[in-house]
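Understanding the architecture of this molecule
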Amino acid sequence: MEKENTMQEGTQTLETPEGGKENERLKQLLREDGELQRQFDRMVSRSLATARGKWERERDAEIQQAALIRDAEREAALEGREAALVRRELRAEALSQLSQRGLPVELADCLRYDDPLAAETSLAQVEKAFRAQVDRAVEKRLRGSAPKGAAQAAYTAQMRSALGLK
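Cut-offs used in this document
- Residues numbered from 1 in each chain as written.
- Predicted model: local features only at pLDDT ≥ 70, side-chain atom pairs only at ≥ 80, totals over all residues.
- Heavy atoms only, no water.
- Helix = DSSP H or I, 4+ residues; strand = E, 2+ residues; numbered from the N terminus.
- Buried < 20%, exposed > 50% of the residue type's maximum accessible area, 1.4 Å probe, protein only.
- Contact = heavy atoms within 4.5 Å.
- Areas by Shrake-Rupley, 256 points an atom, 1.4 Å probe, with all protein chains shown as cover.
- Axes fitted to C-alpha atoms, helices over the stretch in contact; angles between N-to-C directions.
- Parallel < 35°, antiparallel > 145°, perpendicular 65-115°, else oblique.
- Patch = residues over 30% accessible without salt bridge, like charges linked within 9 Å, V, L, I, M, F, W, Y side chains within 5 Å.
- Salt bridge = Lys/Arg side-chain N within 4 Å of Asp/Glu carboxyl O.
- Expected span 1.5 Å × (residues − 1).
- Polar contact = N/O pair within 3.5 Å; in protein donor to acceptor, adjacent residues only side chain to side chain.
- Core = buried A, V, L, I, M, F, W, Y, C linked by side-chain atoms within 4.5 Å.
- pLDDT = per-residue confidence, 0-100.

**Examining the overall build of the chain**
Summing up its helical and strand segments, the chain has 4 helices and 2 strands in all. Helices and strands in the chain line up, N terminus first, as β-β-α-α-α-α. For the chain, the residues scored as buried account for 14% of the 166 residues in total. Once local pairs closer than 6 in sequence are excluded, the contacts in the chain between residues at least 24 apart make up 25%. Within the structure as shown, the chain displays about 13,600 Å² of accessible surface, and the carbon and sulfur contribution to it stands at 54%.

In structure tokens, the structure reads:
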């Protein structure tokens, strides 16, 4: 069991483990010699002042670091909100453009909204692809199949006679 002895000289307190012969000798010297006690007190005071200064600098550095982190987080959140606002504005403009160009507004989900140039480029690409697909579908339907029924029989008869077949 380790107890601590406390010796008080003026306002200074010296705590030491019980039974330390060197510590007892130091205590005795400090009690007997007032000048030595004053020197000891000055050294301890300087050490404490140095340590206190170091602690305060570290605390100030931590406070500044926390403020920088907090500012960076706020800036990131602000940039995120700003980017979301820009995307909403570009989407609204794209919906308007799709309607003006006679395209389905559902195509808005296929567009990029990173910046105005990307939105316009993707709109032009989607419009081109959509119109090409519509053209292909129209051509396919117009081609259709050969006429059937009476018209088919007349057509076949004309072809046979033209070729000299019965």
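On we go from here.
**Overview of the packing of helix 1 (residues 21-32) against helix 2 (residues 34-100)**
Two quantities define a packed helix pair, namely the angle between the axes and the distance from one axis to the other. Closest axis-to-axis distance for the helix 1/helix 2 pair is 5 Å, and the angle between their directions is 115 degrees. Relative to helix 2, helix 1 is oriented roughly perpendicular. Contact residues: Leu29, Leu30 and Glu32 in helix 1; Gly34, Leu36, Gln37 and Phe40 in helix 2.

**Some details on a nonpolar patch on the surface**
A surface patch of nonpolar side chains, amounting to about 280 Å² of accessible area, comprises Val134, Val138 and Leu142. Position of Val138 among the secondary structure elements: in helix 3 (residues 116-143).

**Points about the pattern of salt bridges**
Overall, the coordinates contain 10 salt bridges when judged by the stated rule. Measuring nitrogen to oxygen at the nearest pair gives 3.2 Å for the salt bridge that ties Glu24 to Lys27. Of the two residues, Glu24 and Lys27 both sit in helix 1, 3 residues apart, roughly one turn of that helix. Residue classification places Lys27 among the buried positions, given a relative accessible area of 3%.

**Considerations on helix 3**
End to end, helix 3 covers 41 Å across 28 residues, agreeing with the expected 40 Å (1.5 Å per residue, within 8%). For helix 3, the full list of buried residues reads Ala118, Ala119, Ser122, Leu123, Val126 and Glu127. Contact partners of the buried residues in helix 3: helix 2. A side-chain oxygen of the first residue of helix 3 lies 3.0 Å from the backbone nitrogen of Leu117; this N-cap is Asp115.

**Observations regarding the nonpolar core**
If you look at the biggest cluster of nonpolar residues, it comprises 11 residues: Leu90, Ala94, Leu98, Leu103, Leu107, Ala108, Leu111, Tyr113, Ala119, Leu123 and Val126. The set of elements that each furnish at least two residues to this core consists of helix 2 and helix 3. With near-sequence residues (within four places) excluded, Leu98 lies in contact with Leu103, Pro104, Val105, Leu107, Ala108, Leu111 and Leu123.

**Considering the confidence of the model for the chain**
Looking at the chain as a whole, the pLDDT averages 82, with 81% of positions reaching at least 70. For the chain, strand 1 (residues 4-9) is the element with the lowest average pLDDT, namely 42, and helix 2 is the one with the highest, namely 93. Below pLDDT 50 for its whole length, residues 1-14 participates in 28 contacts with residues either more than four positions away or in separate chains.

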